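Survey of secondary and tertiary structure
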Amino acid sequence: MGFFDFMTEDIAIDLGTANTLIIHNDKVVIDSPSIVARDRVSSKIIAVGKEANMMQGKTHENIKTIRPLKDGVIADFDASEKMISMFIKSIPALKKRMFTPALRMVVCIPSGITEVEMRAVKESCERVNGKEVYLIHEPMAAAIGIGIDIMQPKGNMIVDIGGGTTEIAVIALGGIVCDKSVKIAGDVFTNDIVYYMRTQHNLFVGESTAEKIKITVGAAVEDLETPPDDMSVQGRDLLTGKPKQVDVSYREIAKALDKSIQRIEDAVMETLSQTPPELAADIYNTGIYLAGGGSMLRGLDKRISLKTDLPVYIAEDPLRAVVRGTGMALKNIPKFRSILIK
């Protein structure tokens, strides 16, 4: 076994709709957008991650940018496999190796995922030389990453707002007691902003611009204590066809996102209403933990807190909470054996 150990590398992957993160030797070595650019003629992948992201919405007919994951699951098997493989090959420590080492991987998956979708993730990983592939549910990984001791007989509620899905789960005794996965998350917020700019300002903006708006002036409530400055947005005027610029305030974005955030609130309320009373008692004391990029939306914690009358905490470095938890599970596979799916 010793020689095989030497040949095996451990990696933890958070394969997200918007971003893919990889941990190797306790360090986040890859943190890139989940996007690939493919040449239509030769069907070769020409760019991946940040490089492909810069091409998004700016391509001619010979280049196509693909986001291989949709709603947290693999939509384009071929592209996702190439993307994972290119990310793994670009890990600095593995570049030095003469040939690709066998990999032991822990990959996280959304909790509302079907068997077939689960197998797609597994097969993708096995094709890039994954000898032992374990899967872990995202809310579990997020809980471990936040630093909750999930094996305790105590209830904790996690809301993980990613790019494609929002995962809500109540966790106790190393298992998910009740969970809900809704397909309203970062991508939907971005599309809400595109639609709002279109209908309210007659301005046609691309996805990348809408995402910038979300990050710069995005908000969940219309009255923030420390409001961000207005943002100048450029796009195409739908009436004249000329490029134009408008200023957008955070209040407008809060209006644009209101409906989608309401649906996340409803999902949280529904999950709470399904929680067994003993765990509900625990949650009254521990509150709700937010993770994922969506939790960074200004005022979202306050808004969920007002709706649920519970304290709401945002994980530190919420974008990396899930991959940190996945990495911790990888380091201690025997301890977390019960929650890993082989």
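Residues numbered from 1 in each chain as written. Predicted model: local features only at pLDDT ≥ 70, side-chain atom pairs only at ≥ 80, totals over all residues. Heavy atoms only, no water.

Attention now goes to the overall build of the protein. Secondary structure summary: the protein contains 12 helices and 18 strands in total. Radius of gyration (C-alpha) of the protein: 21 Å, near the 20 Å computed for a compact globule of 342 residues. Overall size of the protein, expressed as C-alpha extent along the three principal axes, is 70 × 60 × 35 Å. Across the 342 residues that make up the protein, the buried fraction comes to 52%. Once local pairs closer than 6 in sequence are excluded, the contacts in the protein between residues at least 24 apart make up 64%. Counting only carbon and sulfur atoms, one obtains 51% of the accessible surface of the protein, whose full area is about 16,300 Å². Of the charged side chains in the protein, 42 are positive and 45 negative; the average position of the first set lies 6 Å away from that of the second. (Helix = DSSP H or I, 4+ residues; strand = E, 2+ residues; numbered from the N terminus. Rg over C-alpha atoms; globule rule 2.2 N^0.38 Å. Buried < 20%, exposed > 50% of the residue type's maximum accessible area, 1.4 Å probe, protein only. Contact = heavy atoms within 4.5 Å. Areas by Shrake-Rupley, 256 points an atom, 1.4 Å probe, with all protein chains shown as cover. Lys, Arg positive; Asp, Glu negative; His and termini not counted. Charge placed at Lys NZ, Arg CZ, Asp CG, Glu CD.)

Moving on, we come to the nonpolar core. Phe189, Met197, Ile213, Val233 and Ile288 are the most contacted members of the largest nonpolar core, which has 46 residues in total. Top contributing element to this core by residue count: helix H9 (residues 250-274), with nine residues. When residues no more than four places from it in sequence are discounted, the contact partners of Phe189 are Ile161, Ile184, Lys214, Leu257, Ser260, Ile261, Ile264 and Leu297. (Core = buried A, V, L, I, M, F, W, Y, C linked by side-chain atoms within 4.5 Å.)

Considering only enclosed or pocket space, the largest pocket measures out at about 1,300 Å³ in volume. As for the largest pocket, its lining consists of 50 residues, of which Ala18, Asn19, Glu211, Lys214 and Ile215 are closest to the centre. Counting only elements with at least two residues in the lining of the largest pocket, the list comes to strand E1 (8-15), strand E2 (19-24), strand E3 (27-33), helix H2 (50-55), strand E11 (156-161), helix H7 (186-201) and helix H8 (207-217). With seven residues, the top contributor of residues to the lining of the largest pocket is H8. Contributing to the lining of the second largest pocket are 15 residues, with Thr17, Arg67, Leu69, Lys70 and Asp187 lying nearest its centre. Looking at the lining of the second largest pocket, the elements that each hand over two or more residues are strand E7 (69-70) and H7. Per-element tally for the lining of the second largest pocket: the top contributor is H7, with four residues. Here the lining of the second largest pocket is built from residues that sort into four nonpolar, five polar and six charged. (1 Å grid on protein atoms, 1.4 Å probe; cavity = no way out; pocket = protein on both sides within 12 Å on 5 of 7 lines; lining within 4 Å. Points joined across faces, edges and corners; volume = space filled by probe spheres on them. Nonpolar A, V, L, I, M, F, W, Y, C, P; charged D, E, K, R; others polar.)

Below, the discussion takes up the UniProt feature "binding site: ATP" (unreviewed entry) in the protein. As annotated in UniProt, the feature "binding site: ATP" (unreviewed entry) corresponds to Thr17, Ala18, Asn19, Gly163, Gly164, Thr165, Glu211, Lys212, Ile213 and Lys214 in the numbering used here. When the annotated set is filtered for residues lining the largest pocket, what remains is Thr17, Ala18, Asn19, Gly163, Gly164, Thr165, Glu211, Lys212 and Lys214. One can find Gly163 in the loop between E11 and strand E12 (166-172). For Gly163, the residues in contact, after removing those within four places along its chain, are Thr17, Ala18, Ala185, Gly186 and Asp187. By the secondary structure assignment, Ile213 is in helix H8. According to the relative accessible area criterion, Ile213 is buried, its value standing at 0%. If sequence neighbours within four positions are ignored, Ile213 has contacts with Ile193, Met197, Gly218, Met231, Val233 and Ile253. (UniProt positions renumbered as here; feature names shortened; annotations may be inferred.)

On to the pairing of E1, then. Buried residues dominate E1, accounting for seven of its eight residues. Pairing analysis gives seven bridges linking E1 to strand E9 (residues 102-109), with the strands arranged parallel. Directly across from Ala12, in E9, lies its bridge partner Val106. One ladder, built from five bridges, connects E1 with E2; its direction is antiparallel. (Pairing = 2+ DSSP bridges.)

What follows concerns the sheet that holds strand E18 (residues 312-314). Within a sheet, adjacent strands bond to each other through the backbone by hydrogen bonds, running parallel or antiparallel. Taken in spatial order, the five strands make up an open sheet running E13-E12-E11-E17-E18, and their pairing is mixed. Where the open sheet ends on each side, the last strands, each with one partner, are strand E13 (175-182) and E18. Each strand axis lies, on average, 20° off the axis of its neighbour in the sheet, ignoring direction. Where E12 lies against E13, seven bridges are found, and the strand directions are antiparallel. Counterpart to Ala172 in the pairing with E13 is Gly175. (Axes fitted to C-alpha atoms, helices over the stretch in contact; angles between N-to-C directions.)

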